[in-house]
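# Geometric and topological summary
These are the residues of each chain, in order.
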Amino acid sequence: MEENDFYIGWQDQAGKTSKRRLLDFFLVSILLALLFLLLFSWVEGPFQKSTFEYGKLTEFSGEVIDYPVFAIKTSHKGEDRTIPLVGFGKFSANPVLRKLKERTGGKLSGFEIRLRGTLIYAHGQVWMELTEGEESVIAVAPKSTVDTLVLETSGSTIKLTGEIVDPKCFFGVMNPAVKKVHKSCAIRCISGGIPPILAIRDRDGEFQDFYFIRNKAGQYINDKILQYVGIPVSLNGEVEQVDGLKVIKIDPPSNQMVYRPLLDQGIAKCGT
Amino acid sequence: MSVSYRSILWNKQKIRYDKGLVLFILIFLVAFFGIHLVFHSNVTIETIIIRAFGLLSLVLLHVILTIGPLTRINPRFLIVLYNRRHLGVTMFLMALIHGAFSMMNFHGLGDINPIRSIFLSNLQYQSVAHFPFQVLGFFALLILGLMAVTSHDFWLKNLGYKTWKALHMMVYIAYGLVILHVVMGVIQNETSIVLFAVILTAFFGIAMLHLLVAVRETTTDQQSKLNAEWVLVGAPEEIKESRAKIVAVSGERVAIFLYQGMLSAVNNVCRHQGGPLGEGKIIDGCITCPWHGYQYLPGNGQSPPPFTEKVETYDLKLENGQVWVNAQPHPEGTAVEPLKIS
Amino acid sequence: MDRALVVWLTDSFLLSLGIYLLLGTAFSIYFVFAGANRLDPGVKDAPWHFRLIIWPGSVLLWVTLLTKLLKKK
Ligand code: FES
C-alpha cells in the first residue's frame, strides 16, 4: 500500500488511489445491478392487458341477477353483457345485493336497476366494482318485460384443470394477479366474499375459459377452498351454464388444511 | 467517545459517497420504471413499485455484503467500507417501501388486519413449494430494521461492542431469509430458470468471498497457537515505518507498530467497531484505525483526550535481531516503554 | 399445520410484539429526553435531530436500555 493510499473516514479528501477504487466499485456494482435488472425484465411476464378505471364511475341500467353471481344484465359499448359486481377493496358486493332485495321485496327479476361503479376489464371480460357501496344503487323501477334465464346443465361430472383466482384482481385491478406472489391477495379477496373463479388456460397459455365455483347445492364455498387458490388444481364437478356464465359445482374438500400435491403433474386435487 | 454526538457526520468525502449512492438508486429506479413502461406497459404501477424496490434492496444487500470481505482481501477498498452504514440504512428503507407496498396491495382493504393476513392467508407452512414466503420477508425486514435503527455510534457505545456486533451479525440471518423469500416467491412465479440461476450464483459468490477471508485469517491465527510466554514476531525490518505487523498471540491478534525507530504492541481490535488496527497507520503520532479513523497512542493504547477508548498493550523484547511479544496483555490503556531498535 | 394453531401462534406473536412496542414507545419518550443523558453524557449537547435518530432504536431496545439505566444507579 502506498503512503497516500491510506484513507480515514473523517478526512475531507481521499487519496487518488482510494478515490479511484471507490469509483471502480461504484461502476462495477451499478453495471452488475443494471445487468440483473435487464435480465429480470426480460424473463418476467408476459403480462396481459388489463384495466381498472380507478377514479372513473360508469352507470348502467338493466336487470340484476344473483346466480351464478351478483351481476347486471346490460349493454356495454353496444354489446349485450352480463357484468358481475364486486365490492370495494377485497369484499363482495353482497351487502348491496341484500339492500337491493329489501327494496324489491326479495325479487330481482322484473326490476330495472340503475347502478354506478368502477369498470374492470381483462381477458375479454367486464366486471364492475360498486365503489360507493349502497350508494351505488341509483334507481330501482319495475319493468314490464321479464327476462328468462337460459339454464343448461351437463348432468355428468367432468374434470377441469386450472387455477382458482379472485376475479376482481384477475380481471383487471391487479396485474399480474395469478400464481404464488398473488396467492395471499387472492385468498384475502375470496375470504372477503368475492366469488372464486376457476380460470383455465388454452393451448397457448392464455386464460380463455372461466367457471364460477359453487357446491352441489349451488352455494358459495369460498372459505372451503382458500388453500387451493393460486396453484394448479383439478376440480371434479358438474358444469352448468346460466345465461352464458359457466359454473362448476363441486363437493368441497372436507379438510382444506390436508393438502395433497398429487403426482398428476404436481396438481392438487380439490373436491374429488 | 465522550464528545457530543452529532446526528450524521458528513464531510466532503462522505457527501461524495452519499451522492454516489443516491445516483445508484436513481439510475436503477429510472431504468426499471423506463423498461417497464416501455416493454411491460400492461403491468400496474403498484406491481412496478413493488418489484423495483424489492430488486433494488436485494442488489444493495449484495453490494453491502461484498464490501467487508473485499477490504480484507485488498485494503484499497477500505474507502468503500467506512460509510457502509449509510448504505445499510438506505437498503433498509428501500426494503421497507417494498414491504409496505406489498402489504397494502396484497393484504390491505381485506377482511382481516393486513399484518395478521401476512401470516394467515397462505397456510401451507408444511410445504416447500407453496410456503408463505411473505412471512420470511417480514422477519428479514424486522432484522434489517433493528440494524438500521441501531447503526449510529451512540448504540455501539451504549450497547457495548459485543452486543452491537452480535446484533449486526444478524445481517446474515436476514440475508438467508431474503434469499429464501426471493427464491420461494418471485422466482417460483416465473417459468424461466435463469433468475434462479442468477440468485444462486450471487448467493454462492457472497458465501465464497466470506469463506475465502475466513480461511485466510485462520491461517494467520494458527501460525502461533503455542501457548508460549513469548511469541515470535520476526525481524524489525519486516515492518514498514508507521505501519504494523499482525501476529496471533494466544487467541488474540496483536498489532506491532514501527515508528521513529521504536516498536509498540497493542491489541489489534479497534474499540469502535472492531476494525483491524494493525491494518491502519500511524498518523500524527497516533495509531489510526483504517475503518473510521479512531486513534490510539502507541505507547499506552489510549485514545488522545477528549476520547476515552483504550486497547490492551503488550511487552516486546529483542533477541538476536528478532522481535518477540509477550503473550500476557496489560490491562487496556497501560503505558509500556516502546522497544528501541536502532 | 392446523389452522387454529397458526392463528394462535400468529396472534400471540403479534400481540406480544404490540405490547412490547407500546411499552417501548412509552419508555422511549422518557429515554430520548432524559434517560439518554444519564446513560451517556455525550447526548447532553447533541442537536434535536440526534434525539430523533436514537428514538426508533430506543423503542425497539427498551428492555436493554432500561436494564443499563437501572444498573447505573
Ligand atoms: S472500527 Fe471504526 S474506527 Fe476503528
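Attention now moves to the sheet that holds strand β6 (residues 286-288) of chain B. All names here are of chain B. Pairing in this open sheet of three strands is antiparallel, and the strands run β5-β6-β7 from one edge to the other. Each edge of the sheet is formed by a strand with only one pairing partner; in this case those strands are β5 (281-283) and β7 (295-296). As defined by bridge partners, β6 adjoins β7 across two bridges and the pair is classed as antiparallel. When the sheet's bridge partners are listed, Thr288 is paired in β7 with Gln295.

It is worth spelling out the interface of chain B and chain A at this point. Between chain B and chain A, the residue contacts involve 79 residues of the former and 61 residues of the latter. For the pair chain B and chain A, the summed buried area comes to about 6400 Å², and 64% of that belongs to carbon and sulfur atoms. One can count two salt bridges joining chain B with chain A. For Glu44 of chain A, the salt bridge is made with Arg51 of chain B, and the minimal N-O distance between the two is 2.6 Å. Where chain B touches chain A, the interface holds 20 residue pairs in polar contact (both at pLDDT 80 or more).

The relation between two aromatic rings is expressed through the spacing of the ring centres and the mutual angle of the planes. Summed over all chains, the structure comprises 25 aromatic pairs over all chains. Residues Phe119 of chain B and Phe13 of chain C carry aromatic rings whose centres are separated by 6.0 Å and whose planes lie at 65° to one another, so their mutual orientation is edge-to-face. Of this pair, Phe119 of chain B sits in helix α5 (residues 114-120) while Phe13 of chain C sits in helix α1 (residues 3-39), placing the two residues on different chains. With a centroid separation of 6.4 Å and an interplanar angle of 45°, the aromatic rings of Phe27 of chain C and Trp62 of chain C are classed as tilted. Here Trp62 of chain C lies in helix α3 (residues 62-72) and Phe27 of chain C lies in helix α1, a separation of 35 residues in the sequence. The residue whose ring lies beneath Arg214 of chain A is Tyr220 of chain A, and the NZ or CZ to ring-centre distance is 3.6 Å.

Next up on the list: the confidence of the model for chain C. For any part of a model where pLDDT is low, the fine detail of the predicted coordinates should not be relied upon. On average, residues of chain C score 92 in pLDDT, and 99% of them are at 70 or above. Across the interface, the model reports ipTM at 0.95; the global pTM reads 0.87.

This part is about the environment of Glu312 of chain B. All names here are of chain B. Within the secondary structure, Glu312 is located in the loop between β7 and β8 (313-314). Here Glu312 falls in the buried class, since its relative accessible area comes to 18%. The spacing of Glu312 and Lys12 is 300 residues in sequence and 33 Å in space, taken between C-alpha atoms. If we skip the residues at most four places from it in the chain, Glu312 touches Ala265, Val266, Asn267, Arg271, Pro329, His330, Pro331 and Glu332. At 3.1 Å, the side chain of Glu312 forms a polar contact with the side chain of Arg271.

A complete count under the given rule lists 24 salt bridges over all chains for this structure. Put simply, Glu59 of chain A and Arg116 of chain A hold a salt bridge, and the shortest N to O gap is 3.9 Å. Placement of the pair is Glu59 of chain A in strand β2 (residues 58-65) and Arg116 of chain A in strand β5 (residues 111-122), with a sequence separation of 57 residues. Between Glu238 of chain B and Lys245 of chain B there is a salt bridge; the shortest N-O distance is 2.6 Å. A residue is classified by how much of its surface remains accessible, and Lys245 of chain B, at 24% relative accessible area, is partly exposed.

The subject of this paragraph is helix α4 (residues 179-191) of chain A. Because each turn of an α-helix spans 3.6 residues, side chains separated by three or four positions in sequence point in the same direction. Residues and elements named next belong to chain A. The end-to-end C-alpha separation of α4 is 17 Å, in line with the 18 Å expected for 13 residues at 1.5 Å each. Cys185 marks the point of greatest bend in α4, at about 30°. Counting buried positions over the 13 residues of α4 gives 11, a clear majority of the element. Where α4 is concerned, the buried positions are Lys180, Val181, His182, Lys183, Ser184, Cys185, Ala186, Ile187, Arg188, Cys189 and Ile190. The positive-phi residue at the C-terminal boundary of α4 is Gly193, with phi of around 105°.

Conventions and cut-offs
- Going along each chain's sequence as written, the residues are numbered from 1 onward.
- A letter from A marks each chain and a number from 1 marks each ligand, given out in the order of writing.
- A pLDDT threshold of at least 70 governs which residues receive local features in this predicted model, and a stricter bar of 80 or more applies before side-chain atom pairs are shown or counted, although totals over entire chains, interfaces and linings include all residues.
- Hydrogens are left out, water is left out, and the side-chain values use all remaining heavy atoms of the structure.
- Two strands qualify as a pair provided DSSP detects at least 2 bridges between them.
- Helix numbering and strand numbering both begin at the N terminus, where a helix is a DSSP run of H or I of at least 4 residues and a strand a DSSP run of E of at least 2.
- When checking whether two residues touch, look at their non-hydrogen atoms; a contact exists if any pair is within 4.5 Å.
- Defined here as a combined quantity, buried area equals the accessible surface (1.4 Å probe) lost by two parts on assembly, summed across both.
- Here a salt bridge means any side-chain nitrogen of Lys or Arg lying within 4 Å of a carboxyl oxygen belonging to Asp or Glu.
- The term polar contact refers here to a pair of N or O atoms within 3.5 Å; inside protein, the definition further demands a hydrogen-donor-capable atom paired with an acceptor-capable atom, and it admits residues adjacent in sequence only when both atoms are side-chain atoms.
- Stacked, edge-to-face and tilted labels apply to pairs of Phe, Tyr and Trp rings (six-membered ring for Trp) whose centres lie within 6.5 Å, assigned for plane angles under 30 degrees, over 60, and everything in between, in that order.
- A ring is considered to have a charge above it if a Lys NZ or an Arg CZ atom is located within 6 Å of its centre and within 35 degrees of its normal.
- You can read pLDDT as the predictor saying how much it trusts each residue, on a scale of 0 to 100.
- Any residue under 20% of the maximum accessible area for its type is buried, any over 50% is exposed, and the rest in between are partly exposed; the area is computed with a 1.4 Å probe on protein chains only.
- Take the number of residues in a helix, subtract one, and multiply by 1.5 Å to get its expected span.
- Working definition for bend: take the seven residues up to and ending at a residue and the seven starting at it, fit an axis to each, and measure the angle between the axes.

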